[in-house]
Amino acid sequence: MKLTPAVIIGAGHAGLAMSRRLTERSIEHVVLERGEVANSWRTQRWPSLRLLTPNWQTRLPGYHYAGDDPDGYLPAADVAATITRYARLVGAPVRTATAVRTVRATPQGFEIQANDDILHARAVVLATGACSLPAIPRGGYAVPPPVTTLTPLTYRYPGQLPEGGVLVVGASATGIQLAAEIHASGRPVTLAAGEHVRLPRSYRGRDIFWWLEATGLLAERYNEIDDLTRARHLPSPQLTGTPAAITDLNALAAQGVRIVGRLGRIADGVAQFSGALANTCALADLKMNRFLNRADAWAKAAGLRGLPPPRRFEPTRVDPGAPLELDLSSGEITTVLWATGFRPDHSWLDIPVRDRAGHIRHDGGVVTGAPGLYVLGLPVLRTRASSYIHGAAADSEALAGHLHAFLSSRRR
Ligand SMILES: Cc1cc2nc3c(=O)[nH]c(=O)nc-3n(C[C@H](O)[C@H](O)[C@H](O)COP(=O)(O)OP(=O)(O)OC[C@H]3O[C@@H](n4cnc5c(N)ncnc54)[C@H](O)[C@@H]3O)c2cc1C
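### Considering the sheet that holds strand β15 (residues 270-273)
Within a sheet, adjacent strands bond to each other through the backbone by hydrogen bonds, running parallel or antiparallel.
Alright, step 1. Pairing is antiparallel in the open sheet, where three strands are placed in the order β14-β15-β16. A single partner strand is all that each edge strand has here, and the edge strands are β14 (263-267) and β16 (325-327). Direction aside, the axes of adjacent strands within the sheet are offset by 20° on average.

Shown next, in the form of structure tokens:
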């Protein structure tokens, strides 16, 4: 029986960054990928999607953006191309079209069933992504027929939707982008906005991600964050990288999108919305201003010169007459689009390492109770930057170091 030192599952940017780190340490390994390299960006993203992080921030171990548009935002197809080039650059030993069906613990390490093969490894890195499945709220399946339901994983473009009104549920990065795109196609859009993170696309002449990085917010470590569970489930910021950037509810409302409160439940075909929309928006405005205060204080302390002066943005306007109910059987709404977030799919992991909510228990990516098992690419895995592509650089370095020490201890 051949025992491979390490197996990485998933050839997205995170798995490839890990591959590079293991190669740097001369650790023999293989990367198993069910599709092609960058499969998620090829098959699970809608074509008009662009990263909301600027190009200069797309950094991986041994790679930084060297194109002529550092302040632009990569379209999904270019993200796939970039990751594919990266796989070549780092010479990652990827086995494509190799879907992992089960991973089990054995006395020697792990047994991995992939396609019809069985592999044995001392260490396994789960890099299968944080966004493999849509997170649809409980009760979401009560949408009455013939209303069509879609998720961001199945949505491609507005023409795929039937004519008629669209209820977009969720007003984070995905929801606001898709609401704007579908509205522009002539379909009336209602957007149900729950808790959201409002941020301006740029502030005082710099991209907001520049500020998030410069102020140290993205570098905050998982073991220093007060409410880590909450941080790991925070919605993505209301930002888009699309050229006609719509980055807040005011802009969407001005274009004619109807904003309503959080979708509570669907009972007998009637969607019921929270009446607390004004509070939800006021809280998002407050938190945005809190971050802008932090940015201003940091700029002052750092002695930054030549910046435009601080400014504050118009509070979110809330329509006091926003409906609290919408009869989905009336024919007004023909599509419900769940933009309510994503979740990972580790259903093939046959090792008892999940908590009651189904999340893998881990300490900064070192899986608890399963020596030699690691997970990478989850939100706020080790820092707030872990939720973004560039966060994989530091995370893979830390986990590769741990994995190296683990293999050395096993050899001894
Ligand atoms: C809509 C959206 C927008 C985003 N925008 C940004 C952004 O602007 N900036 C940013 O930095 N990040 C962004 N992200 C977040 C982040 O970059 C992605 O979640 C990223 O794809 C995660 O990379 P990954 O390598 O961890 O996982 P993935 O890219 O999902 O790669 C996982 C790989 O594992 C493979 N796989 C899964 N299961 C198996 C199996 N059982 N066997 C074998 N292979 C398997 C998949 O096919 C896939 O190729 C966005 C995410 C989404 C969903």
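### Notes on the nonpolar core
Alright, step 1. Core analysis: the biggest nonpolar cluster contains 88 residues, and L191 and L403 have the highest contact counts within it.
Alright, step 2. The contact partners of L191, leaving out residues within four places of it in the chain, are V168, G170, A171, G175, I176, A179, L249, L252, V257, R258, I259 and V260.
Alright, step 3. By size, the runner-up hydrophobic cluster in this structure holds 20 residues, among which are Y203, L217, L239 and F313.

### Considerations on the packing of helix α1 (residues 13-24) against helix α9 (residues 391-411)
Alright, step 1. Packing of α1 against α9 leaves a shortest axis separation of 9 Å and a crossing angle of 45°. Here α9 runs oblique to α1, going by the angle between their axes. Taken as a pair, α1 and α9 cross one another with a handedness that is right-handed. Across from H13, A14, A17, M18, R21, L22 and E24 in α1, the residues of α9 making contact are A392, A393, S396, E397, L399, A400 and L403.
Alright, step 2. Split by residue class, the contact of α1 with α9 holds nine nonpolar, two polar and three charged.

### Quick word on the site of the ligand
Alright, step 1. Taken together, 31 residues surround the ligand, and among them E33, S40, L52, T53 and I389 come closest.
Alright, step 2. Between an oxygen atom of the ligand and a main-chain N or O atom of A14, the distance comes to 3.0 Å.
Alright, step 3. Between a nitrogen atom of the ligand and a main-chain N or O atom of V100, the distance comes to 2.9 Å.
Alright, step 4. Within the complex, the protein chains bury 93% of what would otherwise be the 980 Å² of accessible surface of the ligand.
Alright, step 5. Among the elements that line the shell around the ligand, the one with the most residues is helix α2 (residues 39-43), at three residues.
Alright, step 6. The class makeup of the residues in the shell around the ligand is 17 nonpolar, 11 polar and three charged.

### As for the pattern of salt bridges
Alright, step 1. Overall, the coordinates contain 20 salt bridges when judged by the stated rule.
Alright, step 2. Taking the shortest distance from any N to any O, the salt bridge between E24 and R21 comes out at 3.5 Å. Within this pair, E24 and its partner R21 are both found in helix α1, separated by three residues, close to a single helical turn.
Alright, step 3. Take E24: its relative accessible area is 40%, and that puts it in the partly exposed class.
Alright, step 4. Across the pair D296 and R204 runs a salt bridge whose closest N-O atoms are separated by 2.9 Å. Of this pair, D296 sits in helix α8 (residues 277-301) while R204 is found in the loop between β11 (202-203) and β12 (206-207), placing the two residues 92 residues apart along the sequence.

Rules of the game
- Residues numbered from 1 in each chain as written.
- Predicted model: local features only at pLDDT ≥ 70, side-chain atom pairs only at ≥ 80, totals over all residues.
- Heavy atoms only, no water.
- Pairing = 2+ DSSP bridges.
- Helix = DSSP H or I, 4+ residues; strand = E, 2+ residues; numbered from the N terminus.
- Axes fitted to C-alpha atoms, helices over the stretch in contact; angles between N-to-C directions.
- Core = buried A, V, L, I, M, F, W, Y, C linked by side-chain atoms within 4.5 Å.
- Buried < 20%, exposed > 50% of the residue type's maximum accessible area, 1.4 Å probe, protein only.
- Contact = heavy atoms within 4.5 Å.
- Parallel < 35°, antiparallel > 145°, perpendicular 65-115°, else oblique.
- Left-handed = near helix turned anticlockwise from the far one by under 90°.
- Nonpolar A, V, L, I, M, F, W, Y, C, P; charged D, E, K, R; others polar.
- Near = heavy atom within 4 Å.
- Polar contact = N/O pair within 3.5 Å; in protein donor to acceptor, adjacent residues only side chain to side chain.
- Areas by Shrake-Rupley, 256 points an atom, 1.4 Å probe, with all protein chains shown as cover.
- Salt bridge = Lys/Arg side-chain N within 4 Å of Asp/Glu carboxyl O.

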